[in-house]
4 protein chains.
Amino acid sequence: MTVTEDIRATLSGIREEVARLHAELPRNGLVVWTAGNVSARVPGADLAVIKPSGVSYDDLDAESMVVVDLDGNLVEGNYSPSSDTAAHAYVYKHMPHVNGVVHTHSPFATAWAARREPIPCVLTMMADEFGGDIPVGPFALIGDDSIGRGIVETLTGSNSPAVLMAQHGPFTIGKSAKAAVKAAVMLEEVARTVHLARTLGPVERIAQSDIDSLFDRYQNVYGR
Amino acid sequence: MTVTEDIRATLSGIREEVARLHAELPRNGLVVWTAGNVSARVPGADLAVIKPSGVSYDDLDAESMVVVDLDGNLVEGNYSPSSDTAAHAYVYKHMPHVNGVVHTHSPFATAWAARREPIPCVLTMMADEFGGDIPVGPFALIGDDSIGRGIVETLTGSNSPAVLMAQHGPFTIGKSAKAAVKAAVMLEEVARTVHLARTLGPVERIAQSDIDSLFDRYQNVYGR
Amino acid sequence: MTVTEDIRATLSGIREEVARLHAELPRNGLVVWTAGNVSARVPGADLAVIKPSGVSYDDLDAESMVVVDLDGNLVEGNYSPSSDTAAHAYVYKHMPHVNGVVHTHSPFATAWAARREPIPCVLTMMADEFGGDIPVGPFALIGDDSIGRGIVETLTGSNSPAVLMAQHGPFTIGKSAKAAVKAAVMLEEVARTVHLARTLGPVERIAQSDIDSLFDRYQNVYGR
Amino acid sequence: MTVTEDIRATLSGIREEVARLHAELPRNGLVVWTAGNVSARVPGADLAVIKPSGVSYDDLDAESMVVVDLDGNLVEGNYSPSSDTAAHAYVYKHMPHVNGVVHTHSPFATAWAARREPIPCVLTMMADEFGGDIPVGPFALIGDDSIGRGIVETLTGSNSPAVLMAQHGPFTIGKSAKAAVKAAVMLEEVARTVHLARTLGPVERIAQSDIDSLFDRYQNVYGR
């Protein structure tokens, strides 16, 4: 796949946005070293922009971002794409409404993932943002499309934009890369808060009808 | 309701103050993304200044602040008011001595709220600032005046400037917006410290007479 | 007591140092809002320099610092002295080798204080810095010399430069204000680490002979 | 041992790098005050560059770094070498493939060390970076080569670049000083995440064959 001229104009803005959004990861305590990545679909092309492999967050800029096709192959860039590229690409290929994907090992979300335990919907903020429990995906090894398939199978038909991949960590999706980053930030916040709540005693799930009405309002009336 | 000329001069200073106080929320670890808000009553008018909806803390300034009446309707501003405006407005309408309101989902306070458990008064700092246990308010859905009523009913007659709304998060009040922000900061600090204390064993409530004398001294002798 | 001319020269440097050391408190996560204070003895005079009451850490400078006598009375300054001045002054009056005092409500240390539980000496770093367990002082109300007496009685004859005042928080002492600040920082670090260790299981106290030899080496051979 | 002219050119770059890498320690929350140190082997000489003793991270620069021989004796520098120098030097002397060593008391790793409990390999990220459980070394007092021997004996034949010295804290090694710093950062991250996971329930070790294939891929295919 080559990059056509009309796509090239779009690409420049997306590279900028994806580079800028990566700064939200360390800023919100979601990553250490280089262990997390953001990608965005390129509208009108079977392409995505993603973090280069092994580059520190301080050194990321629009130019260092990498363009890949939806099989995860490098199309354009001075670095190798993130080792998680195959999972991002699989999501774009199989979930056409998704335009942004984020992967981190944020500690509280990953702690739930380590126990293979969904985060129960016990906070109104969770009902708003996730529309129910945050589900656990399968244990999958890197190297083929297992991780991508696990994400897609778990999130298809779910309200939640976040999945906890078993003994690995979270992936979040969104209508835009910014929405996927917001989901990653809110996920860690609710993973932390429910962890803290459960440390000192049981917590009650919110009634399903209340979850549904909160989620509906937040997604529609509130206008996100 | 319209904004008269003599109110307009006051408003400008209040917009500045409310914008500046919002910076204390992320600085003190009380919020992520846009999930918290500060408001201030406009003296001499049935108005309040509050955070616009969905604007990030980095982008808040005096100009972006929104003016609402005490039914929560927009009076002046370039953005929609925070989705929590109805709760703030209800408090100003029914608690005339309150001039500032803060809402966050700060994680330790929200963890107590998730368990619907009051924070017991086990620290001299809690006796000073809160004058007793920090109470839990009812579970209430957004969309009508349930949250506002829950805050007012729980805090009326209580020493505490903070209420933990069940499975939602804290609201704090004050004689000024700055005092309400201070209460939100101190609330999270005591919520955290008592959480940590209780993780490794039981803690003893301070004797009521000692709580009363500490609170009285702090509020009167110490001159706050 | 008045400030003589030869003391005045010394005072200026001490005001600078005490102001600068206050910045270490928020920087190391020991305080929120205005809830902690540092003081230093003025050599050659029965005086100490301490934080003014209710001033935020951002606004502290050499000029805003307050000079008090060893009964805690204001001698010089534009603000009231910290409400904890009586405790600091009592320590200087009764422990002539102490030249710096720090008080915070740092959360992990205060959590141990809330349970009235000494921190057991289970880390080599604790043996180095504290020479044994970190002791708990009595429950004491502010307003007379109870807190000061509790500190002095608990620390007299102890290796530890830190005491956990019951259901209140830590005080640390040092040969200099900087040493007392270091003790406050190290105290919170060991309070946190031992808290974390104990959360998942029991920890073994280091043998007394090893504690003694580590403490002796650190204080003497290592040259602190 | 003296410093020859061709070594001198190399030394200048290593001093720069070691000074710069120290900034990663406080930035990643691994140390407070002066309680951690980084060293690098000087290629082509039986020398290492290490942190001076008792100097704060803000004041470290290339010039303040200290050169020692592999028995830990000072060769060049304006300060005394770190009190942990003997342990670093012992590692360089006995593990010729190691070119960087880091020591911290990072709180979560030290909490596991306090319980003398290895961190079980329950996360894919641990399999990638550590190739199995993170082992505990013996309890050893400072002052002779006990700590150095404990590190070398525990890490020889292990995949892990990190050892938890009992009731003391972690040491990490690497092919470069930067790799050892990365190991220290990743260690604290997995120590924290597994701590959080275990707080609310049991976690399952990843199957040995999966650990082996993840470690092999990360070290070889992924190209680190």
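Before reading on, note that the structure itself is shown above.
Predicted model, so just to flag it, every value in this text is computed and none were measured.

**Student:** A description of the overall build of chain A should follow, citing residues and the corresponding values.
**Tutor:** Each helix and strand counted, chain A has 8 helices and 8 strands in total. The C-alpha atoms of chain A give 17 Å as radius of gyration, which agrees with the globular expectation for 224 residues (17 Å, within 12%). Considering chain A as a whole, with its 224 residues, one finds that 62% of them fall into the buried category. Looking at charge distribution, chain A has the averaged site of its 18 positive side-chain charges lying 4 Å from that of its 27 negative ones.

**Student:** Give a description of helix H3 (residues 85-94) of chain B that names residues and reports values.
**Tutor:** Residue and element names in this part refer to chain B. Of all the 10 residues making up H3, 7 are buried; the element is thus mostly covered by neighbouring parts of the structure. What H3 keeps buried is the set Thr-85, Ala-87, His-88, Ala-89, Tyr-90, Val-91 and Tyr-92. On its buried side, H3 packs onto strand S1 (37-42), strand S2 (47-50), strand S3 (66-69), strand S5 (100-103), helix H6 (146-155) and strand S8 (169-174).

**Student:** Run through the relation of the copies chain D and chain C, naming residues and quoting values.
**Tutor:** Rotating chain D by 90° about the axis while translating it 0.0 Å along that axis superimposes it on chain C, leaving an RMSD of 0.0 Å. Accordingly, the operation relating the two chain copies is best matched by a four-fold axis. Across chain D, the rotation axis passes nearest the C-alpha of Thr-199 of chain D, at a separation of 5.2 Å. Counting the interface residues of chain D, we find that no more than 4% of their copies in chain C are interface residues as well, pointing to two distinct contact surfaces.

**Student:** How would you summarise the pairing of S5 of chain B if you had to cite specific residues and measurements?
**Tutor:** Residues and elements named next belong to chain B. The two faces of S5 match: Gly-100 and Val-102 on one face and Val-101 and His-103 on the other face are all buried. As paired strands, S1 and S5 are joined by 4 bridges and run antiparallel to one another. Considered in S5, the bridge of Ala-40 is made with Gly-100. Note: S5 against S8, 4 bridges, orientation antiparallel. Note that in S8 the partner of Val-102 across the bridge is Thr-172.

**Student:** Could you give an account of the sheet that holds strand S6 (residues 136-137) of chain C, naming the residues involved and the relevant values?
**Tutor:** All names here are of chain C. The mixed open sheet is built from 8 strands, whose spatial order is S4-S3-S2-S1-S5-S8-S7-S6. At either margin of the open sheet sits one strand with a lone partner, and together these are strand S4 (74-76) and S6. Bridge analysis of strand S3 (residues 66-69) against S4 gives 2 bridges, and the strand direction is antiparallel. The residue bridging Val-67 from the neighbouring strand is Glu-76, located in S4.

**Student:** I'd like a rundown of the pairing of strand S2 (residues 47-50) of chain D, residues and numbers included.
**Tutor:** Residues and elements named next belong to chain D. Side-chain alternation along S2 places Leu-47 and Val-49 on one buried face and Ala-48 and Ile-50 on a second face that is also buried. Direction of pairing for strand S1 (residues 37-42) relative to S2: antiparallel, over a ladder of 4 bridges. Residue pairing across strands places Arg-41 opposite Ala-48, the latter belonging to S2. Linkage of S1 to S2, two consecutive antiparallel strands, is achieved through a turn of 4 residues, within which Gly-44 is found at a positive phi near 85°. Pairing analysis gives 4 bridges linking S2 to strand S3 (residues 66-69), with the strands arranged antiparallel. Following the sheet pairing, Leu-47 is matched in S3 by Asp-69.

**Student:** Account for the sheet that holds strand S5 (residues 100-103) of chain A, naming residues and giving values.
**Tutor:** Residue and element names in this part refer to chain A. Here 8 strands make up an open sheet; going across it, the order is S4-S3-S2-S1-S5-S8-S7-S6 and the pairing mixed. Two strands bound the open sheet, and with one partner strand each, they are strand S4 (74-76) and strand S6 (136-137). In the packing of helix H6 (residues 146-155) onto the sheet, the strands contacted are S6, strand S7 (162-165) and strand S8 (169-174), and the crossing angle to S7 comes to about 135°.

**Student:** Could you give an account of unusual backbone geometry, naming the residues involved and the relevant values?
**Tutor:** Located in the positive-phi region is Trp-33 of chain B, a residue other than glycine, with phi close to 50°. Phi at Gln-167 of chain D takes a positive value of approximately 55°, unusual for a residue other than glycine.

**Student:** Describe the side chain of His-195 of chain B, listing the residues and the values that go with them.
**Tutor:** In this structure, His-195 of chain B sits in helix H7 (residues 177-199). Those residues within four positions of His-195 of chain B in sequence are excluded, and the remaining contacts are Leu-196, Thr-199 and Leu-200 of chain A together with Phe-108 and Trp-112 of chain B.

**Student:** Give a description of the packing of aromatic side chains that names residues and reports values.
**Tutor:** Using the criterion set out here, one finds 0 aromatic pairs over all chains in the structure. A cation over a ring is seen here: Lys-51 of chain C above Tyr-57 of chain C, with NZ or CZ 5.5 Å from the ring centre. Taking the ring centre of Trp-112 of chain D as reference, the NZ or CZ of Arg-115 of chain D above it sits at 4.8 Å.

**Student:** If you had to explain the packing of helix H3 (residues 85-94) of chain C against helix H6 (residues 146-155) of chain C to someone new, which residues and values would you point to?
**Tutor:** Residues and elements named next belong to chain C. Packing of H3 against H6 leaves a shortest axis separation of 8 Å and a crossing angle of 45°. Comparing the axis directions of H3 and H6 gives the class oblique. Taken as a pair, H3 and H6 cross one another with a handedness that is right-handed. Note on element contacts: H6 touches H3 through Ile-147, Gly-148, Arg-149, Ile-151 and Val-152, opposite Ala-87, Tyr-90, Val-91 and His-94. Split by residue class, the contact of H3 with H6 holds 6 nonpolar, 2 polar and 1 charged.

**Student:** For the interface of chain A and chain B, give the residues involved together with the corresponding values.
**Tutor:** Between chain A and chain B, the contact holds 30 residues from the first and 23 residues from the second. Between chain A and chain B, roughly 2500 Å² of surface is buried when both sides are summed, and carbon and sulfur atoms account for 67% of that area. Among the residues of chain A in contact with chain B, Thr-124, Leu-196 and Leu-200 of chain A are the three that bury the most area, contributing 24% of the side total. For the interface between chain A and chain B, the tally reads 1 salt bridge. Our count for the contact surface shared by chain A and chain B stands at 5 residue pairs in polar contact (both at pLDDT 80 or more). Those elements that place two or more of their residues in the side of chain A that touches chain B are helix H2 (24-27), helix H5 (124-130), helix H7 (177-199) and helix H8 (208-221) of chain A. Broken down by element, the residue count for the side of chain A that touches chain B peaks at 11 residues, all from H7 of chain A. For the side of chain A that touches chain B, the per-class residue count stands at 14 nonpolar, 6 polar and 10 charged.

**Student:** Explain the pattern of salt bridges residue by residue, including any values.
**Tutor:** Scanning the entire structure with this criterion turns up 48 salt bridges over all chains. Ionic pairing is found between Glu-189 of chain A and Arg-192 of chain A, a salt bridge with its closest N-O pair at 3.1 Å. With Glu-189 of chain A and Arg-192 of chain A both in helix H7 and 3 residues apart, this pair spans about one turn of that helix. Ionic pairing is found between Glu-5 of chain D and Arg-8 of chain D, a salt bridge with its closest N-O pair at 4.0 Å.

**Student:** If you had to explain the interface of chain D and chain C to someone new, which residues and values would you point to?
**Tutor:** Contact residues are listed per partner, giving 23 residues for chain D and 30 residues for chain C. Approximately 2500 Å² of surface area, both sides summed, lies buried where chain D meets chain C, with 66% of it carried by carbon and sulfur atoms. Of all residues in chain D, the largest losses of buried area upon contact with chain C belong to Trp-33, Arg-115 and Gln-167 of chain D, amounting jointly to 29% of the total for that side. Summed over the shared surface of chain D and chain C, the result is 5 residue pairs in polar contact (both at pLDDT 80 or more). If you list the elements that add at least two residues to the side of chain D that touches chain C, you get helix H4 (107-115) and helix H7 (177-199) of chain D. In terms of residue count, the dominant contributor to the side of chain D that touches chain C is H4 of chain D (7 residues). Among the residues making up the side of chain D that touches chain C, the classes are represented as 10 nonpolar, 10 polar and 3 charged.

**Student:** Could you give an account of H6 of chain B, naming the residues involved and the relevant values?
**Tutor:** A turn of α-helix holds 3.6 residues, and therefore any two residues three or four places apart point the same way. Residue and element names in this part refer to chain B. Counting buried positions over the 10 residues of H6 gives 8, a clear majority of the element. The set of residues buried in H6 consists of Ser-146, Ile-147, Gly-148, Gly-150, Ile-151, Val-152, Thr-154 and Leu-155. The inward-facing, buried residues of H6 contact H3, strand S6 (136-137), strand S7 (162-165) and S8. Count one or two residues on from H6 and you reach Gly-157, which has phi positive near 85°.

**Student:** Give a detailed account of the environment of His-88 of chain D, specifying residues and quantitative values.
**Tutor:** Residue and element names in this part refer to chain D. Tracing the backbone through its elements, the reader meets His-88 in helix H3 (residues 85-94). Once the C-alpha coordinates of His-88 and Asp-71 are considered, the two residues, 17 residues apart in sequence, prove to be 9.3 Å apart. In this structure, His-88 is in contact with Asn-37, Val-38, Ser-39, Ile-50, Val-101, Val-102, His-103 and Phe-171, ignoring residues within four places of it in sequence.

What counts and what doesn't
- Residues numbered from 1 in each chain as written.
- Chains lettered and ligands numbered in written order.
- Predicted model: local features only at pLDDT ≥ 70, side-chain atom pairs only at ≥ 80, totals over all residues.
- Heavy atoms only, no water.
- Helix = DSSP H or I, 4+ residues; strand = E, 2+ residues; numbered from the N terminus.
- Rg over C-alpha atoms; globule rule 2.2 N^0.38 Å.
- Buried < 20%, exposed > 50% of the residue type's maximum accessible area, 1.4 Å probe, protein only.
- Lys, Arg positive; Asp, Glu negative; His and termini not counted.
- Charge placed at Lys NZ, Arg CZ, Asp CG, Glu CD.
- Contact = heavy atoms within 4.5 Å.
- Least-squares fit on C-alpha atoms with pLDDT ≥ 70 in both.
- Pairing = 2+ DSSP bridges.
- Axes fitted to C-alpha atoms, helices over the stretch in contact; angles between N-to-C directions.
- Phe/Tyr/Trp six-rings, centres within 6.5 Å; stacked < 30°, edge-to-face > 60°.
- Lys NZ or Arg CZ within 6 Å of the ring centre and 35° of its normal.
- Parallel < 35°, antiparallel > 145°, perpendicular 65-115°, else oblique.
- Left-handed = near helix turned anticlockwise from the far one by under 90°.
- Nonpolar A, V, L, I, M, F, W, Y, C, P; charged D, E, K, R; others polar.
- Buried area = accessible area lost by both parts, 1.4 Å probe.
- Salt bridge = Lys/Arg side-chain N within 4 Å of Asp/Glu carboxyl O.
- Polar contact = N/O pair within 3.5 Å; in protein donor to acceptor, adjacent residues only side chain to side chain.

On their own, these measurements won't tell you what the molecule is for.
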